[in-house]
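Commentary on secondary and tertiary structure
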Amino acid sequence: MVYLSKYIVVTGGVVSSIGKGITSASIGRILRSYGVDVTAIKIDPYLNWDSGTLNPYQHGEVFVTEDGMETDLDLGHYERFLDVNLSGESNITTGKVYSSVIEHERKGDYLGSCVQIIPHITNKIKDMVRKIAHETQAEVVLVEVGGTVGDIESQPFLEALRQLRNEEGHDNVMFVHVTYVPYLRAAGEFKTKPTQHSTKELRSTGIIPDMIICRSEYPIDQPLKNKISHFCDVEREAVINTPDVHSIYEVPLILNQEHVGEYITNRIKIEAKEQDLEEWKEVVKSLKQEDYQVSVGIIGKYVELEDAYMSIRESLKHAAAHLGIKVNIEWIQAEEKIDENKVSHLDSLLIPGGFGERGISGKLDAVRYSLQNDVPLFGICLGMQCMVIEFARLNGLKGAHSTEFDQKALHPVIDLMEEQKKIKNMGGTMRLGSYPCKLKDGTMAKEAYGENEVSERHRHRFELNNDYRDILMEKGLVISGTSPDDFLVEMIELEEHPWFLGCQFHPEFKSRPNNAHPIFISFLKAALANHKQKNG
Ligand code: GLN
């Protein structure tokens, strides 16, 4: 059967960082509650081929998909809100579009023609969008355009999506424009002018929005919505307001109160089943724990921007909700000295993934503190590598280090993986994506997962050096997870410690609000036990 997908294109106006990704994901969640099958695409108009080479301060965390693509963090929102695994092709960038067109040109695929933005680039964009529709056979494809309307970079994408509406038909494509309605305290009122201007800007590209979602600090009233409807020429019931909320997971419920699902299903003629939003309401309720609070200190070098560790933050929230507790995250700058004063009040510590030497000594301080004070410590990727280094140093291997930071280390306990040694290009060449991991009987890892083998997502070049495996095991390090052929160490832990566990992979990419990750749950259980012991 040839499937006809419908498209919902989400654009943004006025300012960035207004939660367009969460709004798109929430629209998807609402449609799913009507039994509609939804997938999502993020368009990033920058020239990088993918986000793998971007500094997290620029763009937040790099989200890794099952198929090993380094993508924008909005894909993480989509996966968590829609409860689906997306392919890396769901992240379209200017880099991917142009490099593909240039490759075709070099092959001679356009022989005789002058290759131009219209039609070659715009056709390529439409092909990439339709390919996702075709491969997923989703009833609805959400297409979020990054940036704000008016940016030079996004013009070819808006033009392509305008053409898409013409080609697919009015009933099959709709446009949602997300804007910001500021509240001017001095004047004591909301201002709609920026929304009017950005809608005008969008219209100048030929795109007529069907719905305007107004983000605001506080709820706006009906007369103001009527004004936006009037000036922006959008139906009254299609002017939607999502004021700031406590938790991002509440946004689908707000959209639902505003009858977004009904409007969309009518507008693009989708057959809606009876709505069932119960599971999501349960999720929102379970995330609202206040009674029992447990703290986690996250030691990283990008802690000034929480988005750099978005999936870890969300995974901790999911696990806390699962246990019926509230997790308080304290962000600790790894570039400073980590000592008792900084961390003794905390119930647990977590060292996330990372690259480069900056902040390493603070992370090693944190490992030492955990080992000497029996504080639960969770190390992810670089975090696990730091655990191995400091454990080795404290157990007689004084010159232990990773060759990422010291190529001449006396004891290179962490070293470049064999297949990485010949690699020259930086982009997309790490060990990326999903790989199986075999778990050892009688370990915390196996107990937490309750399975013999699991599959987790990776993003690294270095590994535990097999030359040191026996020595470290003699000193008490437990190798609790390996690749099925036993060659790569995937998980480590200690028996003589309440909870000291590291994994070479990134479990945070697979946690869902309705399905918290077992390792995060096990970690927070240990943090809770420590909290109870400390506080009686
Ligand atoms: N820099 C380390 C490596 O490449 C860790 C990577 C990570 O934490 N994602 O192996």
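Here is a short report on the structure shown in this document.

As for the overall build of the protein chain
- From N to C terminus, the protein chain includes 18 helices and 23 strands.
- Whereas a compact globule of 536 residues would reach a radius of gyration of roughly 24 Å, the protein chain reaches 25 Å, a difference of no more than 12%.
- Considering only C-alpha atoms, the protein chain reaches an extent of 75 × 65 × 50 Å along its principal axes.
- Sorting the 536 residues of the protein chain into buried and exposed places 58% on the buried side.

Focus: the sheet that holds strand β20 (residues 462–464)
- Taken together, 3 strands build an open sheet; the order of strands is β16-β17-β20 and the sheet is mixed. The open sheet terminates on both sides in strands that have one partner only, identified here as β16 (400–402) and β20. With direction set aside, neighbouring strand axes in the sheet form an average angle of 30°.
- Two strands pair when backbone bridges link them, and strand β17 (residues 411–416) and β20 are joined in this way by 3 bridges, in the antiparallel orientation. Bridged to I414 within β20 is L464.

Topic: the site of the ligand
- Taken together, G353, G354, F355, C381, L382, Q385, E404, R459, H460, R461, F462 and H506 form the complete shell of residues around the ligand.
- A distance of 3.0 Å separates an oxygen atom of the ligand from a polar atom in the backbone of L382.
- Between a nitrogen atom of the ligand and a side-chain N or O atom of H506, the distance comes to 3.3 Å.
- Relative to its unbound accessible surface of 290 Å², the ligand loses 99% to contact with the protein.
- Those elements that provide at least two residues to the shell around the ligand are α15 (382–394) and β19 (453–460).
- Across the shell around the ligand, the residue classes tally to 4 nonpolar, 5 polar and 3 charged.

Section: helix α5 (residues 117–136)
- Here α5 is 20 residues long and its end C-alpha atoms lie 27 Å apart, about the 28 Å a rise of 1.5 Å per residue gives.
- Residues of α5 that are buried include every one of H120, I121, T122, K124, I125, K126, M128, V129, I132 and A133, and no others.
- On the buried face of α5, the contacting elements are β1 (6–12), β2 (38–44), β5 (91–93), α4 (94–107), β6 (140–145) and α6 (155–168).
- Phi for Q137, located one or two positions after α5, is positive at around 55°.

A short note on the pattern of salt bridges
- Scanning the model with the defined rule gives 42 salt bridges in all.
- Salt-bridge contacts for E89 lead to K131; the nearest nitrogen and oxygen are separated by 2.8 Å. Taken as a pair, E89 in the loop between α3 (74–82) and β5 and K131 in helix α5 lie far apart in primary sequence, 42 residues in all.
- Using a relative accessible area of 37% as the deciding quantity, one classes K131 as partly exposed.
- Between R368 and E390 there is a salt bridge; the shortest N-O distance is 3.1 Å. With R368 in helix α14 (residues 360–373) and E390 in helix α15, this residue pair connects regions lying 22 residues apart in the sequence.
- Among the residues examined, R368 registers a relative accessible area of 24% and is labelled partly exposed.
- With relative accessibility at 4%, the residue E390 sits in the buried group.
- Through salt bridges with shared partners, a single ionic network connects E66, E79, D83, R457, K510 and R512.

So, the nonpolar core
- In terms of nonpolar packing, the biggest core is built from 51 residues, with I8, I27, M211 and I264 touching the most fellow members.
- No other element matches helix α1 (residues 20–33), which puts 5 residues into this core.
- Residues in contact with M211, not counting those within four places in the same chain, are M174, F175, V176, H177, V234, A238, I240, V260, Y263 and I264.
- Judged by nonpolar contacts, the second largest core, of 39 residues, contains A334, L382, F462 and L464.

Here's the deal with the state of the cysteines
- Following the criterion strictly, the structure yields 0 disulfides and no others.
- In this model C437 remains outside any disulfide bridge; the closest cysteine sulfur is found in C503, 8.7 Å from its own.

Quick word on the packing of α1 against α3
- The N-to-C vectors of α1 and α3 enclose an angle of 20°; their axes lie 9 Å apart at closest approach. Here α3 runs roughly parallel to α1, going by the angle between their axes. Note that α1 runs across α3; the crossing there is right-handed. Across the interface between the two elements, G21, I22, S24, A25, S26, G28, R29 and R32 from α1 touch D74, H77, Y78, F81 and L82 from α3.
- Looking at the contact of α1 with α3 residue by residue, the class counts come to 5 nonpolar, 5 polar and 3 charged.

Some remarks on the packing of aromatic side chains
- Tallied over the full model, the rule gives 12 aromatic pairs.
- Taking 5.3 Å as the distance between ring centres and 40° as the angle between the ring planes, the aromatic pair formed by F81 and W280 counts as tilted. Here F81 is found in helix α3, whereas its partner W280 is found in helix α11 (residues 278–286), with 199 residues between them in sequence.
- The class for W280 is buried, based on a relative accessible area of 3%.
- For the pair Y183 and F190, a centre-to-centre distance of 5.0 Å together with 65° between the ring planes defines the contact as edge-to-face.
- Its relative accessible area of 16% is what places F190 among the buried residues.
- Through pairs of rings, three or more aromatic residues link up here, namely F378, W499, F520 and F523.
- Lying over the aromatic face of Y435, R431 brings its terminal NZ or CZ to 4.3 Å of the ring centre.
- The ring of Y292 carries K532 above its face, with NZ or CZ at 5.5 Å from the centroid.

Cut-off values and rules
- Counting restarts for each chain, with residues numbered from 1 along the sequence as it is written.
- Local features are withheld for residues below a pLDDT of 70 in this predicted model, meaning they are given only at 70 or higher, and side-chain atom pairs are given and counted only at 80 or more; totals for whole chains, interfaces and linings count all residues.
- Values shown for side chains rest on all heavy atoms present in the structure; no hydrogens or waters enter the calculation.
- Helix numbers and strand numbers start at the N terminus; a helix is a DSSP run of H or I with at least 4 residues, a strand a run of E with at least 2.
- With C-alpha atoms as the basis for the radius of gyration, the globule rule is written as 2.2 Å multiplied by the number of residues raised to the power 0.38.
- Accessible area is worked out with a 1.4 Å probe on protein chains only. A residue is then buried under 20% of its type maximum, exposed over 50%, and partly exposed in between.
- Any two strands with at least two DSSP bridges between them are considered paired.
- Each axis is a line fitted through C-alpha atoms, and for a helix only the stretch in contact is used; angles between axes span 0 to 180 degrees, taken between their N-to-C directions.
- The nearness test applies per residue and asks whether one of its heavy atoms lies within 4 Å of the molecule or strand.
- Whenever two N or O atoms come within 3.5 Å, that pair is a polar contact, provided that in protein one can donate a hydrogen and the other can accept it, and provided that, for residues adjacent in sequence, both atoms are side-chain atoms.
- For every accessible area listed, the method is Shrake-Rupley and the probe measures 1.4 Å; residues are considered covered only by the protein chains on display.
- Only Asp, Glu, Lys and Arg are considered charged, only Ala, Val, Leu, Ile, Met, Phe, Trp, Tyr, Cys and Pro nonpolar, and every remaining residue, Gly among them, polar.
- Each helix should span, by expectation, one fewer than its residue count multiplied by 1.5 Å.
- Contacts were defined at the residue level, with two residues in contact if any of their heavy atoms lie within 4.5 Å.
- Criterion for a salt bridge: a side-chain nitrogen of Lys or Arg within 4 Å of a carboxyl oxygen of Asp or Glu.
- Among the buried residues, those of types Ala, Val, Leu, Ile, Met, Phe, Trp, Tyr and Cys that are joined through side-chain atoms within 4.5 Å form a nonpolar core.
- Cysteine sulfur atoms that come within 2.5 Å of each other are treated as a disulfide pair.
- What sets the label is the angle itself: under 35 degrees gives roughly parallel, over 145 gives roughly antiparallel, 65 to 115 gives roughly perpendicular, and the rest give oblique.
- Left-handed is the label given to a crossing in which the near helix is rotated counterclockwise from the far helix by less than a right angle, and right-handed is the label when the rotation is clockwise.
- Side-chain rings of Phe, Tyr and Trp, where Trp is taken by its six-membered ring, are said to pair if the distance between their centres is within 6.5 Å; with planes under 30 degrees apart they count as stacked, over 60 as edge-to-face, and otherwise as tilted.
- In our convention, an over-ring charge means Lys NZ or Arg CZ found within 6 Å of a ring centre and within 35 degrees of that ring's normal.

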